[in-house]
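# Secondary and tertiary structure notes
One-letter residues, chain by chain:
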Amino acid sequence: MRYKSGVDGMQPEEIAGALAEVARAVIRGLEDRRGMSFTTASTLGRLEREGPVRLTVLATAEGVAQPSMTQLVQRLENQGLATRVSDPGDGRVTLVAITDTGREVLAERRRERNARLARLLATLSEDERRALGSAMQTALPLVRRMVDEPARHRGPQHDTA
C-alpha cells in the first residue's frame, strides 16, 4: 500500500492502514538476526517488566496457546534465559521468571536495535527527523492505548496480516 508523501487529506482509515504497515515493517525489521523470534523477545520483555508470572497468564498475555508457551518456556530455561520459581504466596504454584542472563540478552538486543535505527535516522534531513519526531509524539500514546485496551474491546479477531 502506498500513500501520498504528505498526510494532509489522509482519512482515518488511510492513517490506520499506514500505521499498521509501519508496525508490520518495524517488527520484521527488528527481528533478531541471530534467531530469537519476536514472540520469544516479547515474552522475555514481559517477564522483565512484570516479574514472575504463572505460565497460563503468560500464554494469555502473549496470545499463544498454553502448550506453545510451555515449549517456549522450556527453550528459554534450556538457554538460561528464564527459570521457574515457587510463588512466595502459594508454594504449590510455579511462576516463570527472567534470569540475569535473559536481562543481559534483552539489553544487548535493545542496544543493537537502537543503533540500527539511529543509523537509519541519520540518513534523514533535519526536517524529516523533526516531522518523524512529531508523528511519534502523536502516535505513541495512541498505540499504547491500543495495546493496553482490554481484549474484549478489540473484537472477535485480531488482524495480524
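Heads up: the structure comes first, above all this text.
In what follows, the accompanying structure is described. (Residues numbered from 1 in each chain as written. Predicted model: local features only at pLDDT ≥ 70, side-chain atom pairs only at ≥ 80, totals over all residues. Heavy atoms only, no water.)

The next subject is helix H6 (residues 126-148). Compared with the 33 Å implied by 1.5 Å per residue over 23 residues, the 33 Å span of H6 between its first and last C-alpha is a close match. Maximum bend of H6: about 30°, positioned at Ala139, with proline Pro141 one to four residues after it. (Helix = DSSP H or I, 4+ residues; strand = E, 2+ residues; numbered from the N terminus. Expected span 1.5 Å × (residues − 1). Bend = angle between axes of the 7 residues up to and from the residue.)

On to the pairing of strand E1 (residues 82-87). As paired elements, E1 and strand E2 (residues 90-98) share six bridges and run antiparallel to each other. Among the inter-strand pairings, Ala82 is bridged to a residue of E2, identified as Ile98. (Pairing = 2+ DSSP bridges.)

Attention shifts here to the environment of Thr94. Assignment of secondary structure puts Thr94 in strand E2. On a C-alpha basis, the gap between Thr94 and Thr83 in space is 10.0 Å, while along the polypeptide they are 11 residues apart. In contact with Thr94, other than residues within four places in its own chain, are Arg54, Arg84 and Val85. (Contact = heavy atoms within 4.5 Å.)

Here we take up helix H2 (residues 38-50). The end-to-end C-alpha separation of H2 is 18 Å, in line with the 18 Å expected for 13 residues at 1.5 Å each. Thr40, Ala41, Thr43, Leu44, Gly45, Arg46 and Leu47 are the residues of H2 that are buried. Elements in contact with the buried residues of H2: helix H3 (55-62), helix H4 (66-78), E1, E2 and helix H5 (100-121). Looking one or two residues beyond H2, the residue adopting positive phi is Gly51, at roughly 85°. (Buried < 20%, exposed > 50% of the residue type's maximum accessible area, 1.4 Å probe, protein only.)

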